[in-house]
Amino acid sequence: MKPTCDRPNPPAGFEWLTDAPLENTMNLPVYAGRLLRIHSATNALAKPVVRDEWLSDPNTLILGGGSNILFVAERIDKVLSLANTEYGAIEAGEHIRVYADAGVGLDQWIRWTAAQGWYGLERLAEIPGTVGAAPIQNVGAYGVQLSDVLDSVELWDRQNQEYAVWRPEDCGLSYRHSRFKDEPGRWLILRVWAQLRKVAPADWPPLGYPGLQAEAESCLDPDKRDLKSLTPSELANIVTRVRLQKLPDWRSAEIGSTGSFFQNPIVSMAEAERLRNQWPQIPTYPIPDPAYQKLSAGWLIEQAGWRGKTLGAVGMSAQHALVLVNLGGAKGAELWHLAQQVQSDVWQRFGVRLEPEPLILK
Ligand SMILES: Cc1cc2nc3c(=O)[nH]c(=O)nc-3n(C[C@H](O)[C@H](O)[C@H](O)COP(=O)(O)OP(=O)(O)OC[C@H]3O[C@@H](n4cnc5c(N)ncnc54)[C@H](O)[C@@H]3O)c2cc1C
């Protein structure tokens, strides 16, 4: 990326660039007309140009690691990214409050907390992206979501130009969803706080997901150690190994993806009953609200014949039916076209609407 010359001597705390390539795990060639990179939120937010010209414009895209965006457009006019990178902890009794700036890598932060021996975030290891984006879809994996440990979120209200601190109940967090998704263009997340434990919870280690128990046993077998003695770091490494057997590596330059492309649909009990009557093998899962059930989007996609199917440079992964992949050189429009075909086939076969998980930027 080359520094711009249209504004000499940018004030401390931020810089901007023109024609800047944008990081994204779909490996698409996308550029920002102008990219504002903020290194110090405090300094940058004190500048009227940042608040008025960039943040109050709802069309300014906030970009983290680009691991949950499908860029159909190849050029975005104004993009803001946070490169603030402080993280740390405050101890209190058997609990510990950890924080990280929005620009910190989520995986980096999680591995640091796990390496300190603190319990709570380890099952979210290996999820790509930044800390600032984690509350947006309430990231989750292996039976845990950010909302289970979230303490608070520091943010900037782009509309009213003011700083705010939200407790988890203000964030409207649910399965892969939040109030931030409902109010696009309004909130800039600056820092995230989580509440972790210094001692293992009673149900430790949480291995009730396919693959975790077997991987944990093979990891501890040489030492004949009790599973209870697993450390948070060891569990983070186990989760990483299991994930890499199924999901494309987000660091890969060969295969691009945004992880799961579709959300697992939530349907009413009556709808679940209708589907079970017609398709007795369909997996349905209870969720906290007893009026609804969760379906497996992967199962629906596989039954519709899309698992492992490719069209040119795009396809649905053979390892994980939910993952839309760029096999090299695809355009965002091709990926979106294939995703819509999958959506349409699942709709026609099952009458179930699949919703994309990533932001689709057209
Ligand atoms: C291989 C792979 C595996 C994945 N596995 C999982 C998984 O197991 N569980 C899961 O939940 N997700 C998963 N994801 C999706 C993704 O990693 C997460 O959603 C992640 O939180 C996105 O972070 P990001 O920084 O890349 O966000 P981006 O993709 O850059 O942005 C996503 C959204 O957040 C907004 N945003 C970003 N930063 C901020 C900010 N500071 N303030 C306000 N808005 C902001 C953007 O505008 C956009 O709307 C996976 C993705 C890949 C590629």
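Our subject is the structure that appears above.
Please read all numbers here as calculations on a predicted model, not as lab measurements.

Draft legend 1. Representation of the pattern of salt bridges within the structure. With the rule as written, the count across this model stands at 23 salt bridges. Of the charged contacts, one joins Glu 126 and Arg 251 as a salt bridge, the two residues approaching to 2.9 Å between their closest N and O atoms. Remark: Arg 251 occurs in the loop between helix H6 (232-246) and strand S13 (266-268) and Glu 126 occurs in the loop between helix H3 (106-115) and strand S8 (140-141); sequence separation between them is 125 residues. On the accessibility criterion, Glu 126 (3% relative accessible area) is buried. Overall, the relative accessible area of 45% leaves Arg 251 in the partly exposed class. A salt bridge links Glu 183 to Arg 179; the nearest nitrogen and oxygen atoms lie 3.1 Å apart. When its relative accessible area of 24% is taken as the criterion, Glu 183 is described as partly exposed. Salt bridges sharing partners connect three or more residues here, namely Asp 107, Arg 111, Glu 126, Asp 249 and Arg 251.

Draft legend 2. Structural view of the nonpolar core. If you look at the biggest cluster of nonpolar residues, it comprises 49 residues, and the most contacted ones within it are Phe 71, Phe 262 and Ile 301. Broken down by element, this core gets its largest block of residues, seven residues, from helix H9 (residues 332-350). If we ignore the near neighbours within four places in the chain, the residues touching Phe 262 are Ala 297, Ile 301, Met 316, Leu 322, Ala 339, Val 342, Gln 343, Leu 354, Glu 355, Pro 356 and Glu 357. Core analysis: the second largest hydrophobic core is formed by 45 residues, Ala 141, Tyr 142, Leu 173 and Leu 230 among them.

Draft legend 3. Spotlight on the packing of aromatic side chains. Tallied over the entire structure, the rule returns twelve aromatic pairs. For the pair Tyr 142 and Tyr 209, a centre-to-centre distance of 5.8 Å together with 70 degrees between the ring planes defines the contact as edge-to-face. Here Tyr 142, found in the loop between S8 and strand S9 (144-145), pairs with Tyr 209, found in the loop between strand S12 (187-197) and helix H5 (212-220); they are 67 residues apart in sequence, far enough to count as distant. Centroid distance Trp 166 to Phe 180: 5.4 Å. Interplanar angle 20 degrees. Geometry classified as stacked. Taken together, the positions of Trp 166 in strand S11 (residues 162-166) and Phe 180 in helix H4 (residues 179-182) put the pair 14 residues apart, joining distant regions of the chain. Judged by relative accessible area, Trp 166 falls into the buried class, the value being 9%.

Conventions adopted
Residues numbered from 1 in each chain as written. Predicted model: local features only at pLDDT ≥ 70, side-chain atom pairs only at ≥ 80, totals over all residues. Heavy atoms only, no water. Salt bridge = Lys/Arg side-chain N within 4 Å of Asp/Glu carboxyl O. Helix = DSSP H or I, 4+ residues; strand = E, 2+ residues; numbered from the N terminus. Buried < 20%, exposed > 50% of the residue type's maximum accessible area, 1.4 Å probe, protein only. Core = buried A, V, L, I, M, F, W, Y, C linked by side-chain atoms within 4.5 Å. Contact = heavy atoms within 4.5 Å. Phe/Tyr/Trp six-rings, centres within 6.5 Å; stacked < 30°, edge-to-face > 60°.

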